[in-house]
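As a plain string of letters, each chain reads:
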Amino acid sequence: MSQVFDEATHRNLLARIPDCTGHEVGYWLRVVDEGPALSRFEEKIGWLRGEHQLARGHAKAIVVEHDRRRGRAARRY
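This text gives an overview of the structure that appears in the document. All values derive from a computational prediction rather than experimental measurement.

What about the overall build of the protein?
For the protein, the helix and strand inventory stands at four helices and zero strands. Taken from the N to the C terminus, the helices and strands of the protein come in the order α-α-α-α. Buried residues in the protein amount to 35% of all 77 residues. In the protein, once contacts between residues fewer than 6 apart in sequence are set aside, the share between residues at least 24 apart is 53%. About 4800 Å² of surface is accessible on the protein, with carbon and sulfur atoms providing 48% of the total.

This is how it looks when you write it as structure tokens:
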């Protein structure tokens, strides 16, 4: 089942990432940049979950934020 986050939930997840992972959001954005060249949204989430043991919600929030900051076309997540 797909999770759909509203903006408040997205911001809340991002705010909790440092406490839950030990790394700031900027760190995770660099991890995605430097990671494998995956083009599909779900592939990026799966990679973060498998390689870095992130919870699905945190991985999804990181990928959404990464796409937003890179100016990718807005889509419904």
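After presenting the structure, the write-up continues.
Focus: the pattern of salt bridges
Counted according to the given criterion, the structure contains eight salt bridges. Among the ionic pairs, E7 bridges to R68, the shortest N-O distance being 3.0 Å. Of the two residues, E7 sits in helix α1 (residues 7-21) while R68 sits in helix α4 (residues 56-69), which places them 61 residues apart along the sequence. E7 gets classed as partly exposed once you look at its relative accessible area, which sits at 41%. For the salt bridge of R40 with E43, the shortest nitrogen-to-oxygen distance reads 4.0 Å. Of the residues examined, E43 reaches a relative accessible area of 32% and is grouped as partly exposed.

Brief notes about the nonpolar core
Across soluble globular proteins, nonpolar side chains have a tendency to be buried as a group. Counting residues in hydrophobic clusters, the biggest one holds 17 residues, and the most contacted among them are I17, W28, L48, L54 and I62. Beyond its immediate stretch of four places on either side in the chain, I17 contacts G22, H23, V25, W28, H58 and I62.

Focus: the side chain of H58
By the element assignment, H58 lies in helix α4. Classification of H58 as buried rests on a relative accessible area of 11%. Setting aside chain neighbours within four positions, we find H58 in contact with L13, R16, I17 and C20.

Overview of unusual backbone geometry
One non-glycine residue, Q53, lies in positive phi territory at about 55 degrees. Assignment of secondary structure puts Q53 in the loop between α3 (41-52) and α4. By relative accessible area, which is 60% here, Q53 ends up exposed.

Rules of the game
- Residues numbered from 1 in each chain as written.
- Predicted model: local features only at pLDDT ≥ 70, side-chain atom pairs only at ≥ 80, totals over all residues.
- Heavy atoms only, no water.
- Helix = DSSP H or I, 4+ residues; strand = E, 2+ residues; numbered from the N terminus.
- Buried < 20%, exposed > 50% of the residue type's maximum accessible area, 1.4 Å probe, protein only.
- Contact = heavy atoms within 4.5 Å.
- Areas by Shrake-Rupley, 256 points an atom, 1.4 Å probe, with all protein chains shown as cover.
- Salt bridge = Lys/Arg side-chain N within 4 Å of Asp/Glu carboxyl O.
- Core = buried A, V, L, I, M, F, W, Y, C linked by side-chain atoms within 4.5 Å.

By themselves, these are just geometric observations and shouldn't be taken as functional.
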